[in-house]
Amino acid sequence: MTIRLRVTPVRVRGRDRLFVSLPDGTAVAWYDGAADADGPAGDGRFGGRISVLPGAAREDVLAALAPYITGEVAVGPPPIPTPADLDRLSLHPDDDLAPNRPGEALHAELDAFPAPERHGWFRRGTWGVGTWGRSTWPSAPHRGDPYRRDPHRRDPRHGELLAQQLLGDHLDRLEAAGWRVLHSIPLPGVGAGARIDHLAIGPAGVLAVRTVAARGRRVRIADPMVRTGRAQPQPHLRWARRAAERASFVLATAVRPVLAVAEASRLDAVPSSSDVRILRDTEISTLASLGGVLKPADIEALYATARDRRTWLSV
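Parameters and conventions
Residues numbered from 1 in each chain as written. Predicted model: local features only at pLDDT ≥ 70, side-chain atom pairs only at ≥ 80, totals over all residues. Heavy atoms only, no water. Pairing = 2+ DSSP bridges. Helix = DSSP H or I, 4+ residues; strand = E, 2+ residues; numbered from the N terminus. Axes fitted to C-alpha atoms, helices over the stretch in contact; angles between N-to-C directions. Buried < 20%, exposed > 50% of the residue type's maximum accessible area, 1.4 Å probe, protein only. Core = buried A, V, L, I, M, F, W, Y, C linked by side-chain atoms within 4.5 Å. Contact = heavy atoms within 4.5 Å.

A.B. asks: Would you take a moment to explain the sheet that holds strand 11 (residues 255-262) for this structure?
C.D. replies: In a beta sheet, neighbouring strands are held together by backbone hydrogen bonds and run either parallel or antiparallel to one another. The five strands are arranged 6-7-8-11-13 in an open sheet whose pairing can be described as mixed. Sheet topology places strand 6 (180-186) and strand 13 (277-280) at the edges, where each strand pairs with a single neighbour. Along the sheet, successive strands turn relative to each other by an average axial angle of 30 degrees, direction set aside. Sheet topology note: the strand 7 (residues 195-202)/strand 8 (residues 205-213) ladder contains five bridges and is antiparallel. Looking across to strand 8, one finds that G202 is bridged to G205.

In structure tokens form, the structure reads like this:
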């Protein structure tokens, strides 16, 4: 009797994978497409392979995947896990930072302490004309700045969250080039330096990325200060260096600070001998062409250390 199997696409470590499952959701196999191959043929850790779990009907799995298979594929049991895989499996879910979303700390902060709603001139009373003839009707949506159309986005934390999500998406795309990325790493302490927005580990080394939310405004950088629009300057370069120093201490390797500016209408940086690399969000993809610093085994070892929350408790 043929069992009707379900095929579900999932994104795993920057690659597309198709999971095959029973009607009750139990996985029986998965397919890594040839387009994601980046290693020797037949290796279960690379593309072009169908991994079938014990007890699954091989013919039914192949029939379910037939519309999706391109080119020649290897079929067999799942590959033997590497030491890095075993370390990941032994890590308690509460201590694993890999599932963190970009801006995870801001998500939690906004959920716990939402911005107060503003309804016009008065917080209480009846809508209409208030004292001194001042209208208390809610103001009309702003037609220009998209961040002012939604009253909730007037909270600057929303702008920071959108910027971190944008940068996080760009960094996650580097995984196809051999990079591993973690988001929103909590550090001991409070304030702006109590987290690393993004940690990228790849062929070009380890990068501690700090995000600046420009939201369509001009950004002026004069080490160590960064000014966005007409806002007060902030020492983002100092914070970026401090985060990289703490990461370097924990991981026992060189970590370069990066300042990533999201959606700036104009970026002016005063020439200096700064060790902080400054990138626009549209320039993140250029990191994929860099290399010569870390080997794949080193990348995986550093990633396994960095994803453990307990690693960062001593900095």
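A.B. asks: Would you mind going over the pairing of strand 9 (residues 218-222) with me for this structure?
C.D. replies: On a regular strand, one side chain projects to one face of the sheet and the next to the other, so that they alternate. Burial along strand 9 is one-sided: V219 and I221 are buried, while R218, R220 and A222, pointing the other way, are not. Both strand 9 and strand 12 (residues 266-269) contribute to a ladder of four bridges, which runs parallel. Each residue of the ladder has a partner; that of V219, found in strand 12, is L267. For strand 9 and strand 10 (residues 225-228), the ladder comprises four bridges, and the chain directions are antiparallel. Within the sheet, the bridge partner assigned to I221 lies in strand 10 and is V226. Here strand 9 folds back onto strand 10 in antiparallel fashion, the turn holding two residues.

A.B. asks: For this particular structure, what's the right way to read the nonpolar core?
C.D. replies: Side chains of a nonpolar character, in soluble globular proteins, are inclined to be buried together. Of all hydrophobic cores here, the largest spans 21 residues; its most connected members are I185, I196, L199, I201, V206, L251 and W312. The residues contacting I196, other than those within four sequence positions of it, are H183, S184, I185, L187, A208, A243, A247 and W312. Ranked by size, the runner-up nonpolar core spans 16 residues in total, among them A163, L167, L171 and V181.

Just geometry here; none of it tells us what the structure is for.
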